[in-house]
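Coordinate inspection notes
Single-letter residue listing:
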Amino acid sequence: MSMFCYQCQEAAKGTGCTIKGVCGKSDDLANMMDLLLFVTKGVCVYSSALREQKGYENPIVNKFVFDSLFATITNANFDKASISRRVSKALEVRNMLRDEAKR
Ligand code: SF4
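Residues numbered from 1 in each chain as written. Predicted model: local features only at pLDDT ≥ 70, side-chain atom pairs only at ≥ 80, totals over all residues. Heavy atoms only, no water.

1. So, the overall build of the protein
Helix and strand counts for the protein come out as three helices and zero strands. Counting from the amino terminus, the protein carries its helices and strands in the arrangement α-α-α. Residues counted as buried form 32% of the 103 residues belonging to the protein. Looking at the protein alone, contacts between residues at least 24 apart form 65% of all its contacts between residues at least 6 apart. (Helix = DSSP H or I, 4+ residues; strand = E, 2+ residues; numbered from the N terminus. Buried < 20%, exposed > 50% of the residue type's maximum accessible area, 1.4 Å probe, protein only. Contact = heavy atoms within 4.5 Å.)

2. A few points about helix α3 (residues 80-102)
In this model α3 runs 33 Å from its N-terminal to its C-terminal C-alpha over 23 residues, within 8% of the 33 Å that 1.5 Å per residue would give. Turning to α3, its buried residues are Ser82, Ile83, Val87, Ala90, Val93, Leu97 and Glu100. Check the buried side of α3 and you find it contacts α1 (27-54) and α2 (59-71). (Expected span 1.5 Å × (residues − 1).)

3. A look at the pattern of salt bridges
A pair can form between side chains of opposite charge whenever their charged atoms are brought close. Following the criterion strictly, the structure yields five salt bridges and no others. Among the salt bridges present, the one from glutamate 57 reaches arginine 51, with a minimum N-O distance of 2.8 Å. With relative accessibility at 35%, the residue arginine 51 sits in the partly exposed group. Across the pair lysine 63 and aspartate 67 runs a salt bridge whose closest N-O atoms are separated by 2.6 Å. Of this pair, lysine 63 and aspartate 67 both sit in helix α2, four residues apart, which is roughly one turn of that helix. For aspartate 67, a relative accessible area of 25% puts it in the partly exposed group. (Salt bridge = Lys/Arg side-chain N within 4 Å of Asp/Glu carboxyl O.)

4. Section: the packing of aromatic side chains
Enumeration according to the criterion identifies one aromatic pair in this entry. Geometrically, the ring pair formed by phenylalanine 4 and tyrosine 6 is tilted, given 5.3 Å between the ring centres and 40° between the ring planes. (Phe/Tyr/Trp six-rings, centres within 6.5 Å; stacked < 30°, edge-to-face > 60°.)

5. Examining the site of the ligand
Neighbouring the ligand are 13 residues, the closest being Cys5, Cys8, Cys17, Gly21 and Cys23. Considering only residue class, the shell around the ligand consists of eight nonpolar, three polar and two charged. (Near = heavy atom within 4 Å. Nonpolar A, V, L, I, M, F, W, Y, C, P; charged D, E, K, R; others polar.)

6. Quick word on the packing of α1 against α2
One can describe the packing of α1 onto α2 by two numbers: an axis separation of 10 Å at closest approach and a directional angle of 155°. Classified by the angle between their axes, α1 and α2 sit roughly antiparallel to one another. Crossing handedness for the pair α1 and α2: left-handed. The segment α1 lies against α2, with Met33, Leu36, Leu37, Thr40, Val43, Cys44, Ser47 and Arg51 engaging Val61, Asn62, Val65, Ser68, Leu69 and Ala71. A breakdown of the residues in the contact of α1 with α2 according to their chemical character gives nine nonpolar, four polar and one charged. (Axes fitted to C-alpha atoms, helices over the stretch in contact; angles between N-to-C directions. Parallel < 35°, antiparallel > 145°, perpendicular 65-115°, else oblique. Left-handed = near helix turned anticlockwise from the far one by under 90°.)

7. Some remarks on the packing of α1 against α3
Direction vectors running N to C along α1 and α3 enclose 20°, while the axes themselves pass 9 Å from each other. As far as their axial angle goes, α3 and α1 are roughly parallel. Relative to α3, the crossing made by α1 is left-handed.

Encoded structure:
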């Protein structure tokens, strides 16, 4: 895998960690966290649209987004299995919102 992470202010040379994280983060974990953020953005696209168009509000979804963002904070969670499970859960939540949007 290749390493590029600019998820925090400690990034090497102020631009990004490219060999290994200054914080100790590995390339596979950095990529997995990027994936989690991308999928969580997808959750937010559906969640925001449903809120605006149908007044739909789901506190479980809101907490999931909050927790997912927190999980990517530097040094908060370097547990790859935990991040991987969260990516899978994010896909489930996104699909649930997509189905809700079709109703
Ligand atoms: S989170 Fe770690 S790997 Fe990413 S930019 Fe910050 S120090 Fe580098």
